[in-house]
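Inside the fold
Listed here are the chains, written in short residue letters.
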Amino acid sequence: MKIIFTKVAMKDLKKIPNPFKKNIQKEVLHLEDFPNVSNVKKLVSSQYFRLRVGTYRVLFLFENEQITITNILHRSKAYD
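We now turn to the structure provided with this report. Remember, it's a predicted structure, so these values are computed and weren't measured experimentally. (Residues numbered from 1 in each chain as written. Predicted model: local features only at pLDDT ≥ 70, side-chain atom pairs only at ≥ 80, totals over all residues. Heavy atoms only, no water.)

Some thoughts on unusual backbone geometry
The linkage connecting Phe 34 with the following residue, Pro 35, adopts the cis geometry, with an omega of 15 degrees. Inspection of the secondary structure puts Pro 35 in the loop between helix 2 (18-29) and strand 2 (40-42). The phi angle at Ser 45 is positive, at roughly 55 degrees, despite the residue not being glycine. The topology assignment puts Ser 45 in the loop between strand 2 and strand 3 (49-53). (Helix = DSSP H or I, 4+ residues; strand = E, 2+ residues; numbered from the N terminus.)

Observations concerning the environment of Val 37
With respect to the secondary-structure elements, Val 37 resides in the loop between helix 2 and strand 2. Those residues within four positions of Val 37 in sequence are excluded, and the remaining contacts are His 30 and Leu 31. (Contact = heavy atoms within 4.5 Å.)

Points about the environment of Lys 22
Along the chain, the position of Lys 22 falls in helix 2. In this structure the C-alpha to C-alpha distance between Lys 22 and Thr 55, which are 33 residues apart in sequence, comes to 13 Å.

Thoughts on the packing of aromatic side chains
Tallied over the full model, the rule gives five aromatic pairs. A ring pair is formed by Phe 20 and Tyr 56, whose centres lie 5.5 Å apart and whose planes are at 50 degrees; its orientation type is tilted. Placement of Phe 20 in helix 2 and of Tyr 56 in strand 4 (residues 56-63) is noted, with a sequence separation of 36 residues between them. Under the relative-accessibility criterion, Phe 20 is labelled partly exposed at 39%. With a centroid separation of 5.6 Å and an interplanar angle of 90 degrees, the aromatic rings of Phe 34 and Phe 60 are classed as edge-to-face. Of the two residues, Phe 34 sits in the loop between helix 2 and strand 2 while Phe 60 sits in strand 4, which places them 26 residues apart along the sequence. Judged by its relative accessible area of 10%, Phe 34 is buried. The ring of Phe 49 carries Lys 42 above its face, with NZ or CZ at 5.5 Å from the centroid. (Phe/Tyr/Trp six-rings, centres within 6.5 Å; stacked < 30°, edge-to-face > 60°. Buried < 20%, exposed > 50% of the residue type's maximum accessible area, 1.4 Å probe, protein only. Lys NZ or Arg CZ within 6 Å of the ring centre and 35° of its normal.)

Some points on the sheet that holds strand 1 (residues 2-5)
Pairing is mixed across the open sheet formed by five strands, whose spatial order is 1-5-4-3-2. The outermost strands of the open sheet, each flanked by one partner alone, are strand 1 and strand 2. Ignoring strand direction, the axes of neighbouring strands in this sheet form an average angle of 30 degrees. Of the pairings in the sheet, the one linking strand 3 to strand 4 comprises five bridges and is antiparallel in character. Among the inter-strand pairings, Arg 52 is bridged to a residue of strand 4, identified as Arg 57. Against the sheet, helix 2 engages strand 1, strand 3, strand 4 and strand 5 (66-74), with an angle of about 130 degrees to strand 3. (Pairing = 2+ DSSP bridges. Axes fitted to C-alpha atoms, helices over the stretch in contact; angles between N-to-C directions.)

Encoded structure:
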């Protein structure tokens, strides 16, 4: 399965401190096994899914056997 990062997601990732960034990158690789991944939920009234990695949320779309990561945000800002 193909995983694509948007420009916004790449910017978000650069802002995150290194220890958290490494965990996020490791967990994103596990998305290749989607939908058999823990800590993933579909957001209510939305086409987005979220991956929970500690206090960060990876928001993504799943279409045509492709995952597009749109945002990587702290949980306090992820659902605004």
